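Structural characterization, general
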Protein chains: 2
Amino acid sequence: MKRVSIMDVAREVGVSKATVSYVLNHHPGETISADTTARVWDAVKRLNYVPNLNARSLISRKTNMIGVIIPQTEPGKEFMFANPFYGELLSAIEYTARKSGYHLLLTGTETDQSYINIARNRGVDGIIVVGTYPSKNLAELRSIDVPVVLIDSYVRDPAFHTIGIDDKEGGRLATSYLIEHGHRKIAFVSGSLREHGVNDKRYSGYLAALAQAGIAFNEKRVYAGTVDFDYGICAAKEMAERGQKETAAFIAADVLAMGLVKGLHGLGVRIPQDLSIVSFDDVYLSQMCEPSLTTIRQDISAKGRNAVQVIIDAAAQTEHKKREIIMPITLVERESVEDRRE
Amino acid sequence: MKRVSIMDVAREVGVSKATVSYVLNHHPGETISADTTARVWDAVKRLNYVPNLNARSLISRKTNMIGVIIPQTEPGKEFMFANPFYGELLSAIEYTARKSGYHLLLTGTETDQSYINIARNRGVDGIIVVGTYPSKNLAELRSIDVPVVLIDSYVRDPAFHTIGIDDKEGGRLATSYLIEHGHRKIAFVSGSLREHGVNDKRYSGYLAALAQAGIAFNEKRVYAGTVDFDYGICAAKEMAERGQKETAAFIAADVLAMGLVKGLHGLGVRIPQDLSIVSFDDVYLSQMCEPSLTTIRQDISAKGRNAVQVIIDAAAQTEHKKREIIMPITLVERESVEDRRE
């Protein structure tokens, strides 16, 4: 069967090849009537015309492909979605991209793998990097000529767009809420506290809330491991071994909180009667937990949607003004905090 | 900065350009010594040589890209990972692909979107389709000249490789386990029972186990909705409204069971004292549940690893023998079943 060409479509509609191309490529500089646009798409569908995007990309440099890089901060770790946060974020990115005619090139790079190789090899129209730290790999991306969006990164570099939340404020909000409910011995549980990472910022919010309330900081109340369910279980054991002196805990991720709740339950510690918990993220699992989690809600889907939109907007413009989007956060009250006020 | 060419690499190593190309493309017909291979890779790394894969793909037709299609069986649904099964599967696919030098082109097609357009547009080396039903879109893929692997599909077509489990046997195993523990009033909760789908097969296993034990089937004990947490909550309400006559339930997915447990808990029904549960999948969340779930374990990661391997093997062979892999299943005993034997 002969492959249907762009010329066949043009002939069918009775317009020029250029017009068909403009419609297919959403060429920003050209004005095509709504009627013509509709007729072109109709013919494309009827004739089952399929543009060869790889060939096209060499000419127009437009691939309609967005690279999504989820760095594996712990080398060799297979399970990209150990934190459900990533699944929710990726779903929103995929959905928004698909609705706009883009596909995703997904990769979970090892810490020693160069991002720029991936981007250059594949010729993507833009790159979304999720949760990265300052690094050589990231610095290399400065030289690339497509828009790069960093989600949840505290790398402030004029070369990159950024989308994030005020993690410090989130930590302060969570900890203050516990203090307002009569708690003063408050643990902090999180992933590793690397500088310029979200855990580190949430930790600084925790410290700020303690200081604000005149509560002395006690480093024995800090548990820092990895952001996954298993470390939550470990933290529960550690807490019990230390004699669990806390009445409350601020936990930097829901998935960690779920592990902690499960671990403590096994040790006979009741939530919230024996330990009140505020966690972070509001992944959909936080409602599934028993008890459901009081948590700092961030709009994970909106983060993903915005990241795709920033790339589409930036790719359509000649001037590349860098965007820095800070998304709102709120505290969602559920069942994991006991009011201890007298 | 001048782009490093394949010739630069050849010169650096002191071999021909063809030799470098053979090493980079893992050319199956050529024998290159381990020493030369190592020296080539070393030079590639040192010179930071980046092959232009889009240009290469037009010549060699090899793109080192695997298309992963997760059909959205419910149109317009945004959240691809509402069942954590998909996140675990995708993690394994991504990890295995990456280790073999492949990237993933991810798409969650709408039910009305043609798979073949995606595949042809992008020039992938192989396609993995997750959990699909017989359809026009799937039939179109027969004509494509790259290997196609269907995961969890009961489409038996000599054009496709398949990887799955014996879902009927899983359903039988789960239900028989409940019967062996003294239960006779057993509910079945699942997603929609479409012909040739995994839910339908698990249902037939449930029916077979009942028949084997001489227990009359009661259609009022069947709850069929969607495979997500929210429907689990709904099913719990429905069960309560019907006066919950069952002492046990076989639930066709862990995520559904989690919703049911949460829903029933809110209604004062205790698991396993008031209702025993066996579910399906053994996603990592099944351990997080309170109580943890007795479930039919399938090796989700191995499914993903095998799918990638089948594509790599098939792409390397001139003869395309279709593979049909049935993965083993087992029952994992945890906390959600009460022994009612006298």
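Look a little higher up for the structure.
This text gives an overview of the structure that appears in the document.

Cut-off values and rules
- Numbering of residues begins from 1 in every chain and follows the order in which that chain's sequence is written.
- All chains are assigned letters beginning at A, and all ligands numbers beginning at 1, according to the order in which they are written.
- At least 70 in pLDDT is required for a residue's local features to be given in this predicted model, at least 80 for side-chain atom pairs to be given and counted, and no such filter applies to totals for whole chains, interfaces and linings, which use all residues.
- Side-chain metrics rest on all non-hydrogen atoms present in the structure, leaving aside hydrogens and water.
- The criterion for an aromatic pair is that two Phe, Tyr or Trp rings (for Trp, the six-membered ring) have centres within 6.5 Å, with stacked assigned to planes under 30 degrees apart, edge-to-face to planes over 60 apart and tilted to the rest.
- Comment: elements are numbered from the N terminus, with helices defined as DSSP H or I runs of at least four residues and strands as E runs of at least two.
- The cut-offs for exposure are 20% and 50% of the maximum accessible area for each residue type, with area from a 1.4 Å probe on protein chains only; residues under the lower value are buried, those over the upper are exposed, and the others partly exposed.
- For a Lys NZ or an Arg CZ to count as sitting over a ring, it must be within 6 Å of the ring centre and within 35 degrees of the ring normal.
- Under this definition, polar contacts are N or O atom pairs within 3.5 Å; protein pairs additionally need one hydrogen-donor-capable and one acceptor-capable atom, and for neighbouring residues in sequence, both atoms have to be side-chain atoms.
- For this analysis, residues touch if any pair of their heavy atoms sits within 4.5 Å.
- Here, a salt bridge means any Lys or Arg side-chain nitrogen found within 4 Å of an Asp or Glu carboxyl oxygen.
- What a helix is expected to span follows from its residue count: subtract one and scale by 1.5 Å.
- What the arc covers is the set of directions going from the helix axis to the C-beta atoms.

What follows deals with the packing of aromatic side chains. Taken as a whole, this structure holds 14 aromatic pairs over all chains when the rule is applied. For the ring pair B:Tyr203 and B:Tyr206, a centre distance of 6.1 Å and an interplane angle of 20° mean the geometry is stacked. Here B:Tyr203 pairs with B:Tyr206, and both are found in helix H9 (residues 198-212), just 3 residues apart, close to one helical turn. Assigned by exposure class, B:Tyr203 and B:Tyr206 land together as buried. Each member of the aromatic cluster is reached from another via a ring pair, and the members are A:Phe188, A:Tyr203, A:Tyr206, A:Phe217, A:Phe250 and A:Phe280. A cation over an aromatic ring shows up here: B:Lys201 above the ring of B:Tyr154, its NZ or CZ 4.8 Å from the ring centre. The cationic tip of B:Arg202 hangs over the ring face of B:Phe280; the distance from NZ or CZ to the ring centre is 3.7 Å.

Residues and elements named next belong to chain B. Mapped onto the elements, Ser 276 comes out in strand E9 (residues 276-281). At 2.8 Å, the side chain of Ser 276 and the backbone nitrogen of Glu 338 are in polar contact. With near-sequence residues (within four places) excluded, Ser 276 lies in contact with Leu 178, His 183, Thr 247, Ala 248, Ala 249, Ser 336, Val 337 and Glu 338.

Evaluated as defined, the whole model comprises 38 salt bridges over all chains. The partner of A:Arg221 in a salt bridge is A:Glu246, with the nearest N and O atoms 3.9 Å apart. Here A:Glu246 lies in the loop between helix H10 (229-241) and strand E8 (248-251) and A:Arg221 lies in the loop between helix H9 (198-212) and strand E7 (222-225), a separation of 25 residues in the sequence. An identical accessibility class is assigned to A:Arg221 and A:Glu246; each is buried. In this structure, the salt-bridge partner of A:Glu290 is B:Lys262, at a minimum N-O distance of 3.4 Å. One end of the pair, A:Glu290, is in the loop between strand E9 (276-281) and strand E10 (294-298); the other, B:Lys262, is in helix H11 (residues 254-266), on a second chain. Through salt bridges with shared partners, one network takes in A:Asp167, A:Arg202 and A:Asp281.

Within the element layout of this structure, A:Met258 appears in helix H11 (residues 254-266). On the basis of relative accessibility, which here comes to 4%, the residue A:Met258 falls in the buried class. Spatially, the C-alpha atom of A:Met258 lies 24 Å from that of A:Ile151, the residues being 107 residues apart in sequence. Here A:Met258 is in contact with A:Phe229, A:Leu285, A:Cys289, A:Leu293 and B:Met288, once residues within four sequence places are set aside.

All names here are of chain A. With 14 residues, helix H3 (residues 34-47) extends 20 Å between its outermost C-alpha atoms, agreeing within 8% with the 20 Å of an ideal straight helix rising 1.5 Å per residue. Residues of H3 that are buried: Thr 36, Val 40, Ala 43 and Val 44. Along the long axis of H3, the arc covered by the buried residues comes to 105°, so they all point the same way. In H3, those exposed residues whose orientation departs by more than 90 degrees from the buried face are Ala 34, Lys 45 and Arg 46. Of the residues flanking the end of H3, it is Asn 48, one or two places downstream, whose phi is positive at about 60°.

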